[in-house]
Amino acid sequence: MSALLPHPFLSTALFLMWLLLNAPPTPGNVLLALLVGLTVPAVMRALRPRPVRVRRPGLALRLLGTVLYDMLRSNIDVARIILGLHRGERRTGFVSIPLEMRTPFGLSLLSIILTATPGTLWVQYDSHTGRLLMHLLDDTDSEGWVRRVKDRYERPLMEIFS
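Predicted model only: the values in this text are computed from it and were never measured.

Rules behind the numbers
Residues numbered from 1 in each chain as written. Predicted model: local features only at pLDDT ≥ 70, side-chain atom pairs only at ≥ 80, totals over all residues. Heavy atoms only, no water. Helix = DSSP H or I, 4+ residues; strand = E, 2+ residues; numbered from the N terminus. Rg over C-alpha atoms; globule rule 2.2 N^0.38 Å. Buried < 20%, exposed > 50% of the residue type's maximum accessible area, 1.4 Å probe, protein only. Contact = heavy atoms within 4.5 Å. Areas by Shrake-Rupley, 256 points an atom, 1.4 Å probe, with all protein chains shown as cover. Lys, Arg positive; Asp, Glu negative; His and termini not counted. Charge placed at Lys NZ, Arg CZ, Asp CG, Glu CD. Phe/Tyr/Trp six-rings, centres within 6.5 Å; stacked < 30°, edge-to-face > 60°. Pairing = 2+ DSSP bridges. Core = buried A, V, L, I, M, F, W, Y, C linked by side-chain atoms within 4.5 Å. Salt bridge = Lys/Arg side-chain N within 4 Å of Asp/Glu carboxyl O. Axes fitted to C-alpha atoms, helices over the stretch in contact; angles between N-to-C directions.

Undergrad: Mind showing me how you'd approach the overall build of the protein chain here?
TA: Each helix and strand in the protein chain was counted, giving five helices and three strands. When the helices and strands of the protein chain are placed in sequence order, the string is α-α-α-β-α-β-β-α. Rg of the C-alpha trace for the protein chain: 21 Å, well past the compact-globule value of 15 Å for 162 residues, more than 25% over. With respect to the three principal axes, the spread of C-alpha positions in the protein chain is 60 × 40 × 30 Å. Counting the 162 residues in the protein chain, one finds 29% classified as buried. At a minimum sequence separation of 6, the contacts of the protein chain that also span at least 24 residues come to 69%. Accessible surface, the protein chain as shown: approximately 10,700 Å² in total, 65% of it carbon and sulfur. Seen as two clouds, the 19 positive and the 12 negative side-chain charges of the protein chain have centres 9 Å apart.

Here's what the structure looks like:
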């Protein structure tokens, strides 16, 4: 049974999501939902992701609070820029950040944090040098952004997942 359904919860979720997004359920949609529900988890099994161990769950909750606060603050800052309420010179730009973190899961979470925060975008990561290229909507303090990413996000992620 595990050969046919290696991840039964994922199969069920994909099947139901397919039907939900392609309502009403016709025989063709049900067949496609079944096909997606069976093939995607089989492909996922071939990827064989390593298990992730959270070493400091309290720090993970604190990081979540930090990220939510930063996202709220960035939403306000971006809204001020769009509405023309921003004082001073505004210029977009790129900043290169040297990262110490090498764990794939930690880097994935960092990319989600930076891309989900309004005004910032994870552009490129060079795994050989460990440098992240990030785009900023308001690049007034590049060094401040380097410290912010390293202190507020990278260090806690390294403690949580290393």
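Right, picking up where we left off after that structure.
Undergrad: How should the packing of aromatic side chains be read in this particular structure?
TA: Each pair of aromatic rings is reported with the distance of its centres and the angle of its planes. Within this structure, the stated rule accounts for two aromatic pairs. When the centroid spacing of 5.1 Å and the interplanar angle of 75° are considered together, the rings of Phe105 and Phe161 count as edge-to-face. Of this pair, Phe105 sits in helix α4 (residues 104-116) while Phe161 sits in helix α5 (residues 142-161), placing them 56 residues apart in sequence. Relative accessible area serves as the criterion here: at 16%, Phe161 is assigned to the buried category.

Undergrad: For this particular structure, what's the right way to read the pairing of strand β3 (residues 131-136)?
TA: Sheet faces and side chains relate simply in a regular strand, where the side chains alternate between the two faces. Residue alternation in β3 divides its side chains into a buried set, Leu132, Met134 and Leu136, and an unburied set, Arg131, Leu133 and His135. Of the pairings in the sheet, the one linking strand β1 (residues 93-98) to β3 comprises six bridges and is antiparallel in character. Bridging from a neighbouring strand, Val95 pairs with Met134 of β3. Pairing between strand β2 (residues 120-126) and β3: six bridges, direction antiparallel. Residue pairing for β3: Gln124 is matched across the bridge by Leu133. A loop of four residues connects β2 with β3, the two strands running antiparallel in sequence, and Gly130 in this loop sits at a positive phi of about 75°.

Undergrad: I tried to follow the nonpolar core on my own but got confused; where do I start?
TA: In summary, soluble globular proteins display a tendency toward joint burial of nonpolar side chains. By size, the foremost hydrophobic cluster in this structure holds 22 residues, and its most contacted members are Ile97, Leu99, Leu110, Leu114, Met134, Val149 and Tyr153. Not counting residues within four places of it along the chain, the set of residues in contact with Ile97 comprises Gly130, Arg131, Leu132, Met134, Trp145, Val146, Val149 and Lys150.

Undergrad: Where do I start with the pattern of salt bridges in this structure?
TA: Any two side chains of opposite charge can pair if their charged atoms end up close together. What the rule picks out here adds up to six salt bridges. Of the charged contacts, one joins Glu154 and Lys150 as a salt bridge, the two residues approaching to 2.7 Å between their closest N and O atoms. Residue Glu154 and its partner Lys150 are both found in helix α5; the two are separated by four residues, about one turn of the helix. For Glu154, a relative accessible area of 1% translates into the label buried. Between Arg155 and Asp151 there is a salt bridge, and its shortest N-O distance comes to 2.1 Å. Taken together, the residues span about one helical turn, with Arg155 and Asp151 both in helix α5 at a distance of four residues. Put simply, Asp70, Arg148 and Arg152 are held in one network by salt bridges that share partners.

Undergrad: It is not clear to me how the sheet that holds β1 should be interpreted in this structure. Could you clarify?
TA: Adjacent strands of a sheet form backbone hydrogen bonds with each other and so pair up, either parallel or antiparallel. Read across the open sheet, the three strands follow the order β1-β3-β2; overall the sheet is antiparallel. At either margin of the open sheet sits one strand with a lone partner, and together these are β1 and β2. Each adjacent strand pair in this sheet contributes to an overall mean axis angle of 25°, direction not counted. Lying over the sheet, α5 contacts β1, β2 and β3, oriented at roughly 45° with respect to β1.

Nothing here speaks to function; it is geometry throughout.
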